[in-house]
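# Geometric and topological summary
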Amino acid sequence: MKNDCIFCAIAEGEIPSFKVYEDDEVLAYLDINPFTKGHTLVIPKQHRTGLLDAEDSLLASVLPKVKKVAAHLKSALPCDGFNILQNNGEAAGQTVRHIHFHIIPRYAGEPLVFESHKGDMDELKALSERVRMA
């Protein structure tokens, strides 16, 4: 695994994922421990630890893709809204030291809680296919 980073390994295809979007610079895939149905991670394929060591040009490439994937999720699920979450450092809840953006779909009537649960792999696979098609 390149530089011991699980997200780099996912981007390189060494670890399988439920991809919903991919291009030369960015990969988006469903979180296997989601906060809500459709919880998606968007990562640059280039390893950067966090926001402060990511070049502006990298962020300028990633953020429009976060927007694009969020629109696809909103359409495919459908959800009533979404949160975009980006953590920097252990104290902020960053558990993988590779910059990433969480897109967390929100549904009317559900409480606003940031707590993950183990995802159903078959459901994740079907959902990733549905979002890719959107």
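This report concerns the structure included in the present document.

## Some points on the pattern of salt bridges
One pass over the full model with this rule turns up five salt bridges. Linking D23 and K65 is a salt bridge whose minimum nitrogen-to-oxygen distance equals 2.9 Å. In this pair, D23 sits in the loop between strand 1 (19–22) and strand 2 (26–30) while K65 sits in helix 2 (residues 56–76), placing the two residues 42 residues apart along the sequence. A single burial state applies to D23 and to K65, both of which are buried. R48 is the partner of E55 in a salt bridge, and the nearest nitrogen-oxygen pair spans 3.0 Å. Since its relative accessible area comes to 34%, E55 is described here as partly exposed. Several salt bridges converge on common partners, so that one network encompasses K19, E22 and K45.

## Remarks on the layout of surface pockets
Counted as a void, the largest pocket has a volume near 540 Å³. F7, D31, I32, N33 and L41 are the residues nearest the centre of the largest pocket, which is lined by 25 residues in total. Elements that contribute at least two residues to the lining of the largest pocket include exactly helix 1 (6–11) and strand 2. A breakdown of the residues in the lining of the largest pocket according to their chemical character gives 14 nonpolar, 10 polar and one charged.

Conventions and cut-offs
- Residues numbered from 1 in each chain as written.
- Predicted model: local features only at pLDDT ≥ 70, side-chain atom pairs only at ≥ 80, totals over all residues.
- Heavy atoms only, no water.
- Salt bridge = Lys/Arg side-chain N within 4 Å of Asp/Glu carboxyl O.
- Helix = DSSP H or I, 4+ residues; strand = E, 2+ residues; numbered from the N terminus.
- Buried < 20%, exposed > 50% of the residue type's maximum accessible area, 1.4 Å probe, protein only.
- 1 Å grid on protein atoms, 1.4 Å probe; cavity = no way out; pocket = protein on both sides within 12 Å on 5 of 7 lines; lining within 4 Å.
- Points joined across faces, edges and corners; volume = space filled by probe spheres on them.
- Nonpolar A, V, L, I, M, F, W, Y, C, P; charged D, E, K, R; others polar.

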